[in-house]
Amino acid sequence: MTRTTPRLVLAILVMALVAATAQGAATIVIINNDPAGVGFNDPTPAAPVGGNPGTTIGQQRLNVFNQAASIWGAALDSTVTINVQATWEALTCDASSAVLGSCGALAVDFDFANAPFTSTWYLIALANRLATTDLDPTGNDMRARFNVNLGSPTCLAGSGWYYGFDGNEGALIDFLAVLLHEMGHGLGFATTTSGTSGVWLSDPTAIPPIPPMPSAYDHFLLDGTTGLLWSDPTETNPQRVASAITGVGLTWTGANADAYGVANMDDAPQLVVSGDGAANGSYYVGTASFGPPLSSPGVTAMMEVANDGTAPNSDACTALTGFTAGRLCVVDRGTCTFVIKAANCQTAGAVGMIVVENAAGVPPPAGLGGTDPSITIPAVRVTLSDGTLIKANLPATGNLSTTATRLAGMNVSGRMLMYAPSPYQSGSSVSHWDTSASPNLLMEPAINADLNHTLDATLELFRDIGWFVPVPVELMFLEIE
Ligand SMILES: [Ca+2]
Ligand SMILES: [Ca+2]
Ligand SMILES: [Ca+2]
């Protein structure tokens, strides 16, 4: 027996206290891999902004990173420190679009202690958390990269990063929201299965070779066409590929995320066609960022294809001729902006506008962007195939409304829609929620200005994949003489 000094006992008690405080939390640490003078080390002076006290660009970037780490760290629960290596780099961009950032896990593991699913890949941060030990002691958990050129003339000109914590980014991009999103991917919001080949991840170079296996995420990805999960060995690679471009056909089956959706998502927007046998029914629509939101019972009127007298006649890019006031204006996408089309329809007396997409795709259709406070009629977008069917079966009545029988970003069975547009969008498809989710969610493929730095449904998806399952508590016996 060794005698324990009071000082040591105190130290042990303090450690125990710290451990107790840390329960229900995780520590996320940034590893700044930028060279001197660049990115996180950029010495350019900056005025403190939106609660960020940094006085250089580099300091402000680090401060936002630590803010994001603290938000995620408070929400998660892990006894293993999560290490994020981060850099600022020249990522893909041009004058009108930019890759803001990317983040991925640096390692994956399988069949470790406490793994909820066997023969299943887990991103390393979650694997460590479940195993309650660092399974990759020499490696970091994720790698994050951010676009250092954002806002320059050749990289989404007129934009730039906002480093405040208060969401008042104005015309800039909210770095905190982007960081929360990217860290979400690195922590588990991602499949390790190829969406373009359908092939499960394997490691044929390992000794012995590791065969193809699904990811934890795949255990909740439901192919609505086959009724099989992506983790199901009877789901073929071509079936996975096909399901990744089915729009409403790829959903999440995790009880927690789906319950979050049922409790929080808005009633879904729709176009209901009646009075015509062949086209009757409720259609998925994308909603507009201008004009009034859809409501219930909504706007009901006969539909009429717009004619502006200038080829192509149905794009409503100039004043309409011979339009019957009081009807819904059916127009084709293209040539001019959505708000110009809406203004021309409104001036002609239309009570609403239905934009028919001009490229093949799958529902739900994307929304209609643009701003014009003078627009007072509701507007929606339908897919090319739906719009073609409807136009071929006029006259018919249309109703632009919201429905409680389906929720925005969910299917009729109450499952969250995953982002599965056609054609496939590399880097975006499958590992995001669908854009039709409303209110907007952190893990949609684009950062929406109304995000408020909460983790919304992401945490519930994490609950589904195992982030909060109880793991054995390591008992510590103190022997004090
Ligand atoms: Ca590690
Ligand atoms: Ca025209
Ligand atoms: Ca949305």
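Residue positions are given per chain, counted from 1 along the sequence in the order it is written. Whichever chain is written first becomes A and whichever ligand is written first becomes 1, with later ones labelled in order. Restriction of local features to residues with pLDDT of at least 70 applies here, the model being predicted, together with a cutoff of 80 or more for giving and counting side-chain atom pairs; totals for whole chains, interfaces and linings are based on all residues. As a convention, hydrogens and water are excluded, and side-chain values are obtained from all of the structure's heavy atoms.

(A) The overall build of the chain, seen in detail. Labels follow the DSSP assignment, with helices taken as runs of H or I lasting at least four residues and strands as runs of E lasting at least two, numbered in each case from the N terminus. Looking only at helices and strands, the chain has nine helices and 22 strands in total. Over its C-alpha atoms, taken along the principal directions, the chain stretches across nearly 100 × 55 × 40 Å. Out of the 481 residues in the chain, the part that is buried amounts to 48%. The criterion used for residue contact is that any of the two residues' heavy atoms lie within 4.5 Å. Long-range pairs, those at least 24 residues apart, make up 68% of the contacts in the chain between residues at least 6 apart in sequence. In the form shown here, the chain has an accessible surface area of approximately 20,900 Å², with 58% of it arising from carbon and sulfur atoms. When charges are counted, Lys and Arg contribute as positive and Asp and Glu as negative, whereas His and the chain ends are disregarded. Lys charges are placed at NZ, Arg charges at CZ, Asp charges at CG and Glu charges at CD. Between the centroid of the 15 positive side chains of the chain and the centroid of its 39 negative side chains there is a distance of 1 Å. For every residue, the accessible area obtained with a 1.4 Å probe (protein chains only) is divided by the maximum for its type, and the residue is called buried under 20%, exposed over 50%, and partly exposed between those limits. Only the protein chains shown count as cover for residues, and all accessible areas are computed by the Shrake-Rupley method using a 1.4 Å probe.

(B) Representation of the domain arrangement of the chain. Examined at the domain level, the chain breaks down into domain 1 (6–106 + 141–188) and domain 2 (267–407). The gap between the C-alpha centroids of domain 1 and domain 2 is 41 Å. Where each domain starts and ends follows an automatic or database-derived domain assignment.

(C) Up close: the coordination of the calcium ion (ligand 3). Within the protein, the calcium ion (ligand 3) binds to Thr435 (O), Ala437 (O), Asn440 (OD1), Glu444 (OE) and Glu444 (OE); these donor distances fall in the range 2.3 to 2.6 Å. Donor atoms (N, O, S) are those found within 2.8 Å of the metal centre, with the cutoff raised to 3.2 Å for Na, K and Ca; water is not part of the atom list, so apparent gaps in a site can occur. Within one chain, the residues donating to the calcium ion (ligand 3) are spaced in sequence as T-x1-A-x2-N-x3-E. Looking at Thr435, the relative accessible area reads 35%, which means it is partly exposed.

(D) Main features of the pattern of salt bridges. By definition, a salt bridge exists where a carboxyl oxygen of Asp or Glu is found within 4 Å of a side-chain nitrogen of Lys or Arg. Counting across every chain of the model gives eight salt bridges. With its nearest N and O atoms 2.9 Å apart, the salt bridge here joins Arg129 to Asp77. Of this pair, Arg129 sits in helix H3 (residues 124–131) while Asp77 is found in the loop between helix H2 (57–75) and strand S2 (82–89), placing the two residues 52 residues apart along the sequence. The class for Arg129 is buried, based on a relative accessible area of 3%. Across the pair Arg327 and Glu304 runs a salt bridge, and its minimum N-O distance is 3.0 Å. One end of the pair, Arg327, is in the loop between strand S17 (299–305) and strand S18 (328–332); the other, Glu304, is in strand S17, with 23 residues separating them in the sequence.

(E) Inspection of the coordination of the calcium ion (ligand 2) at higher detail. Within the first shell, the calcium ion (ligand 2) binds the protein through Asp308 (OD), Asp308 (OD), Thr310 (O), Pro312 (O) and Asp315 (OD), at distances of 2.2 to 2.6 Å. On the primary sequence, the residues serving as donors to the calcium ion (ligand 2) are separated as D-x1-T-x1-P-x2-D. Given the relative accessible area of 45%, Pro312 is considered partly exposed. When its relative accessible area of 4% is taken as the criterion, Asp315 is described as buried.

(F) Seen up close, the side chain of Asp258. Note that Asp258 resides in helix H6 (residues 255–264). With no salt bridge to any partner, buried Asp258 finds its closest opposite charge in Arg415, at an N-O distance of 4.6 Å. Filtering out sequence-adjacent residues up to four positions away, Asp258 remains in contact with Trp252, Thr253, Met410, Gly414, Arg415 and Met416.

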